[in-house]
Amino acid sequence: EPEVTQTPSHQVTQMGQEVILRCVPISNHLYFYWYRQILGQKVEFLVSFYNNEISEKSEIFDDQFSVERPDGSNFTLKIRSTKLEDSAMYFCASSEESGSYNSPLHFGNGTRLTVT
Amino acid sequence: DQQVKQNSPSLSVQEGRISILNCDYTNSMFDYFLWYKKYPAEGPTFLISISSIKDKNEDGRFTVFLNKSAKHLSLHIVPSQPGDSAVYFCAASRAAGNKLTFGGGTRVLVKP
């Protein structure tokens with residue numbers, strides 16, 4: 001079965017550094033997402049992306065965050081200047097369609113980001 | 001964000017018995033409800049969903065029930081198997097998009 005793949009599985013960075021989290025969505029999917037889960041908290045929506053632009057973003061997704069689809073296969077999340085509170089598990093997801101419960105999100109296994 | 005709540009953080013059940021997981025929501029704009037299962041070191045995996053126009057959806061051992069008036073849904077797993085031991089997340093979305101609002105999860109342990 002096709003999978004969403006994320007790299008790296010664990011990223012350690014110093015506060016103030018830039019990080020790029022990478023994702024390869026399922027090949028025929030058109031909608032892409034980033035979610036995150038801070039330890040002990042809920043999985044939270046960050047951003048959705050379609051047709052090379054952001055379709056929706058949460059309050060968490062401020063100017064420090066950006067997303068990009070640099071080529072036909074990768075989808076990246078960049079955090080410009082990391083803060084301690086950015087430490088979390090970041091999940092990439094993709095779906096074939098939008099607005100249909102018959103097209104559920106498929107999640108990757110996540111990147112654990114640790115900011116020291 | 002308390003729009004989706006799972007009030008039971010954990011559940012322990014004997015193999016072969018029924019597991020019942022509960023979820024409450026407050027936002028009446030939610031149209032679709034989904035259950036995801038998550039094993040350690042993996043991402044959430046879609047399990048089953050239900051539209052707000054239905055009150056029940058069944059897929060094998062998994063059945064989701066929706067009570068719109070009570071803003072409550074439940075997931076029944078019967079019979080429960082040891083491989084079902086995982087964290088189960090309830091999630092909700094509005095019709096127009098796929099942004100999911102998650103509950104806090106219920107950790108299920110199925111004892112052999």
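Quick note: structure is the one above.
Let me sum up the structure you'll find in this document. (Residues numbered from 1 in each chain as written. Chains lettered and ligands numbered in written order. Predicted model: local features only at pLDDT ≥ 70, side-chain atom pairs only at ≥ 80, totals over all residues. Heavy atoms only, no water.)

**Considering unusual backbone geometry**
Our working rule: A helix here means a DSSP run of H or I that spans at least four residues, while a strand means a run of E at least two residues long, and both kinds are numbered starting from the N terminus. Exposure classes here rest on a 1.4 Å probe applied to the protein chains alone. A residue is buried below 20% of its type maximum, exposed above 50%, and partly exposed in between.
At the junction of Thr7(A) and Pro8(A), the peptide bond is cis and its omega measures out at -10 degrees in the coordinates. One can find Pro8(A) in the loop between strand E1 (5-7) and strand E2 (10-13). Along the chain, Val78(B) connects to Pro79(B) via a cis peptide bond; the corresponding omega equals -5 degrees. Relative to the helices and strands, Pro79(B) is located in the loop between strand E8 (72-77) and strand E9 (86-93). Phi is positive for Asn51(A), which is not a glycine, with a value near 55 degrees. Owing to a relative accessible area of 57%, Asn51(A) belongs among the exposed residues under this scheme. In this model, Ala41(B) sits at a positive phi of 65 degrees, which is unusual for a non-glycine residue. Position of Ala41(B) among the secondary structure elements: in the loop between strand E4 (32-38) and strand E5 (45-51).

**Looking at the state of the cysteines**
Short version of the rule: Disulfides are defined in this document as cysteine sulfur pairs within 2.5 Å.
Throughout the structure, instances matching the rule amount to two disulfides over all chains. Two residues, Cys23(A) and Cys92(A), share a disulfide whose sulfurs are 1.9 Å apart. Where Cys23(A) bonds to Cys92(A) through sulfur, the torsion about that S-S bond is close to -65 degrees, and the disulfide is left-handed. Here the residue Cys23(A) occupies a position in strand E3 (residues 19-24), and Cys92(A) occupies one in strand E9 (residues 88-95), the gap between them amounting to 69 residues. This pair shows no difference in class: Cys23(A) is buried, exactly as Cys92(A) is. Between Cys23(B) and Cys90(B) runs a disulfide, and the two sulfur atoms are separated by 2.0 Å. Residues Cys23(B) and Cys90(B) are joined through a disulfide that is left-handed, its torsion about the S-S bond being -70 degrees. Highlighted residues: Cys23(B) in strand E3 (residues 19-25) and Cys90(B) in strand E9, separated in sequence by 67 residues. Assigned by exposure class, Cys23(B) and Cys90(B) land together as buried.

**So, the sheet that holds E3(B)**
All names here are of chain B. Rules: Any two strands with at least two DSSP-identified bridges between them are counted as paired.
Here five strands make up an open sheet; going across it, the order is E1-E3-E8-E7-E6 and the pairing antiparallel. The open sheet has two free edges, formed respectively by strand E1 (4-5) and strand E6 (56-59), since each of these has just one partner strand. As defined by bridge partners, E3 adjoins E8 across six bridges and the pair is classed as antiparallel. If you follow Cys23 over to E8, its bridge partner there is Leu73.

**Topic: the environment of Arg94(B)**
Residues and elements named next belong to chain B. Spelled out, the test is: Contacts are assigned to residue pairs that have any heavy atoms within 4.5 Å of one another.
By the element assignment, Arg94 lies in the loop between E9 and strand E10 (101-102). We classify Arg94 as partly exposed; its relative accessible area is 45%. In this structure the C-alpha to C-alpha distance between Arg94 and Ser12, which are 82 residues apart in sequence, comes to 32 Å. Not counting the four nearest positions on each side in its chain, Arg94 is found in contact with Met29, Phe30, Asp31 and Tyr32.

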